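For reference, the chains in residue letters:
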Amino acid sequence: MKYLVANFKANLGENEINQWIEEFTKEKPADNDQLQVVICPSFLHLFKFKNLVSNSQVKLGAQDLSLYPQGAYTGEISAQALKEQKVEFVILGHSERRRYFKENNEMVLEKVKRALNSSITPIVCLDKDNFKQQIDLLNQTPATSNQQLIYAYEPLEAIGTGEPENPAAAANIISQIKNLTKSPVLYGGSVDENNAGLFLKQTVIDGLLVATASLKASNLHKICQSLHE
Ligand code: PGA
């Protein structure tokens, strides 16, 4: 099974989202038990994907969730609220969250617990220099060890730069990550419709986390197709 996770970040306004859904729905990826597509729009647009996800194998993901449960936490969005919106996956510990919102490994751990408590699968982002510490913490915590998680290896210099890591080098790091975990490990960083196939050919890579290229529905389709090439 390969995963293809589309992270829209804080992109796409209402009209653009409507167009994206229209375009994507015209040509939904053929149902394929070898591919799990997960779309992660902004919180505000999650509800717009309800029809899409109930009529196909495409699943819905969030880009973050609250450290806290439902309650008096102004401005936050809880795991429970996301689950009600049919969210089945959540990206946690993305390098942008760590950089701009000062998230650390302990906060990511708490968020992973929140997700698991609401039966949402965490997609935990790892970077090249810290993946061992990041995974050790999750492995050593009884509430998160042996749980169903997904990791995404995202070298900082490849994110949003148009300069992906060399697929063989990414496969090499992912093999090292796999010595520490049995969870699937994705690659993310400047993946597009032209290079996705090169990453997917590396058998150790369990899928892709794609941001910029996913903003065009037609590109996401092309990336899905590259699984068959
Ligand atoms: P990118 O971003 O695809 O635009 O490089 C990847 C990510 O931030 O997950």
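Preceding this section is the structure that the text describes.
Because the structure is predicted, anything quoted here is derived from the model rather than measured.

Colleague: Outline the overall build of the protein chain, listing residues and values.
Modeller: A tally of helices and strands in the protein chain yields 9 helices and 8 strands. When the 229 residues of the protein chain are sorted by exposure, 53% land in the buried category. The long-range fraction of contacts in the protein chain, counting pairs at least 24 apart against all pairs at least 6 apart in sequence, stands at 71%. When the accessible surface of the protein chain is summed, it comes to about 11000 Å², and 47% of that surface belongs to carbon and sulfur atoms.

Colleague: Outline the site of the ligand, listing residues and values.
Modeller: Residues in close proximity to the ligand include K9, H94, E154, A158, I159, G160, G189, S190, L209, V210, A211 and T212, which together make up its full environment. Between the ligand and H94, the relevant distance is 2.7 Å, taken from an oxygen atom to a side-chain nitrogen or oxygen of the residue. A distance of 2.7 Å is found between an oxygen atom of the ligand and a backbone nitrogen or oxygen belonging to S190. Within the complex, the protein chains bury 99% of what would otherwise be the 280 Å² of accessible surface of the ligand. Class assignment of the residues belonging to the shell around the ligand gives a composition of 5 nonpolar, 5 polar and 2 charged.

Colleague: So, the state of the cysteines: which residues are in play, and what are the values?
Modeller: Inspection of every chain in the model, using the stated rule, returns 0 disulfides. Looking at C40, it has no disulfide partner, and the nearest cysteine sulfur is the one in C125, 9.7 Å off. Accessibility expressed as a relative area gives 0% for C40, which makes it buried.

Colleague: With reference to specific residues and values, describe the environment of Q147.
Modeller: Examined against the element boundaries, Q147 turns out to sit in the loop between α6 (131-140) and β6 (150-153). Q147 sits 26 residues away from T121 along the chain, and the two C-alpha atoms are 9.1 Å apart.

Colleague: For the pattern of salt bridges, give the residues involved together with the corresponding values.
Modeller: In the structure shown here, the tally under the stated rule is 12 salt bridges. A salt bridge links K59 to E88; the shortest N-O distance between them is 4.0 Å. Of the two residues, K59 sits in strand β3 (residues 59-62) while E88 sits in strand β4 (residues 87-92), which places them 29 residues apart along the sequence.

Parameters at a glance
- Residues numbered from 1 in each chain as written.
- Predicted model: local features only at pLDDT ≥ 70, side-chain atom pairs only at ≥ 80, totals over all residues.
- Heavy atoms only, no water.
- Helix = DSSP H or I, 4+ residues; strand = E, 2+ residues; numbered from the N terminus.
- Buried < 20%, exposed > 50% of the residue type's maximum accessible area, 1.4 Å probe, protein only.
- Contact = heavy atoms within 4.5 Å.
- Areas by Shrake-Rupley, 256 points an atom, 1.4 Å probe, with all protein chains shown as cover.
- Near = heavy atom within 4 Å.
- Polar contact = N/O pair within 3.5 Å; in protein donor to acceptor, adjacent residues only side chain to side chain.
- Nonpolar A, V, L, I, M, F, W, Y, C, P; charged D, E, K, R; others polar.
- Disulfide = S-S within 2.5 Å.
- Salt bridge = Lys/Arg side-chain N within 4 Å of Asp/Glu carboxyl O.

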